[in-house]
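Observations on the model geometry
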Amino acid sequence: MKLKGWELWISLILAGVVMLKTFPLKTISYDQIPRVGETFDEYSIVWTGIGLRQTGLPLSWTTNLGVYQKYLFKDPRVSIQELEYDYGLGKRHISIVQPFLDQPPLGGLIYSLGVPQDISSPLAITSQHFRWPARWLSLVTAGLLFLAGTILYRPLVGLMATAFYSTLPATLFPARLTLLENVLIPLLVLTLILINLALKR
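This structure is a prediction, so every number in the text was calculated from the model and none was measured.

Turning our attention to the pattern of salt bridges. As enumerated under the stated definition, the model contains two salt bridges in all. Among the ionic pairs, Glu 7 bridges to Arg 154, the shortest N-O distance being 2.8 Å. With a gap of 147 residues between them, Glu 7 in helix H1 (residues 2–22) and Arg 154 in the loop between helix H5 (127–152) and helix H6 (155–167) connect regions that are remote in the sequence. A salt bridge links Glu 42 to Arg 131; its shortest N-O distance comes to 2.7 Å. With Glu 42 in helix H2 (residues 41–55) and Arg 131 in helix H5, this residue pair connects regions lying 89 residues apart in the sequence.

The structure is reproduced here in structure tokens:
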């Protein structure tokens, strides 16, 4: 029992050190790489949350405009407008719809916390606004992975899971992007933890 206790505390301390030491890596040029034009979905996600915060209805750009025009255009609550925007690949016309129904709104709501409340236009948002919440969310994910590994197996497994997630380039750099996957991962890990705890009762 004492050995397990020592293993838990040592693994917990080492996991904390790994998380703190690797967190600065997620800040290196985070507002420039990748270029916003290469990941325009980030705007789509964060606009959803801004619309919810400001009007109570999600707002974003869509490539499924025909669906909105055919089935929802007669509803007076539906707003469709065209914007011209240059996001690094030349000027393009994008369709902004409200309510936006293409994606679930929770991720956008989380990422929009980095955007000032007084932003009046989607075009005024920069990557500095919406990428910093993703970095903090990655810390939550790393902590949940440690907890899941510890509960399901042992503290050493939790430490390994945290170390792999926090150091592998394949997970380290995408974790700082505004992607719905980065919201789903901690939710899925938390669900796994809760299911395991419920089964043990």
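That shown, we press on.
What follows concerns the packing of H2 against H5. Where H2 meets H5, the closest approach of the two axes is 11 Å, and the angle between their N-to-C directions is 80°. Here H2 lies roughly perpendicular to H5, going by the angle between them. Where H2 approaches H5, its residues Glu 42, Tyr 43 and Val 46 are matched on the opposing element by Ser 127, Phe 130 and Arg 131. When the residues that make up the contact of H2 with H5 are grouped by side-chain class, the tally is three nonpolar, one polar and two charged.

Turning our eyes to something else, we now look at the side chain of Lys 26. Within the secondary structure, Lys 26 is located in the loop between H1 and H2. As a buried residue without a salt bridge, Lys 26 has its nearest oppositely charged side chain in Glu 42, at a separation of 14 Å.

Turning next to the side chain of Ser 11. Structurally, Ser 11 can be placed in helix H1. Ignoring sequence-local partners within four residues, the contact set of Ser 11 consists of Phe 146, Pro 155, Leu 156 and Leu 159.

The rules we used
Here the residue index of a chain counts from 1 through its sequence in written order. Totals for whole chains, interfaces and linings use all residues, but because this is a predicted model, local features are given only for residues with pLDDT of at least 70 and pairs of side-chain atoms are given and counted only at 80 or more. With hydrogens and water excluded, all non-hydrogen atoms of the structure serve as input to the side-chain values. The term salt bridge refers to a pairing of a side-chain nitrogen on Lys or Arg with a carboxyl oxygen on Asp or Glu at a separation within 4 Å. Here a helix means four or more residues in a row that DSSP labels H or I, a strand means two or more in a row labelled E, and each is numbered from the N terminus. Throughout, an axis means a line fitted to C-alpha atoms (over the contacting stretch in the case of helices), and angles, computed between N-to-C directions, take values from 0 to 180 degrees. Put simply, angles under 35 degrees are roughly parallel, angles over 145 are roughly antiparallel, angles from 65 to 115 are roughly perpendicular, and the rest are oblique. Any pair of residues with heavy atoms lying within 4.5 Å of one another is described as a contacting pair. Gly is placed with the polar residues, together with every amino acid not listed as nonpolar (Ala, Val, Leu, Ile, Met, Phe, Trp, Tyr, Cys and Pro) or charged (Asp, Glu, Lys and Arg). Between buried and exposed lies partly exposed: a residue is buried under 20% and exposed over 50% of the maximum accessible area for its type, with that area taken using a 1.4 Å probe on protein chains only. In this tally, Asp and Glu contribute negative charge and Lys and Arg positive charge; neither His nor the terminal groups of the chain are included.

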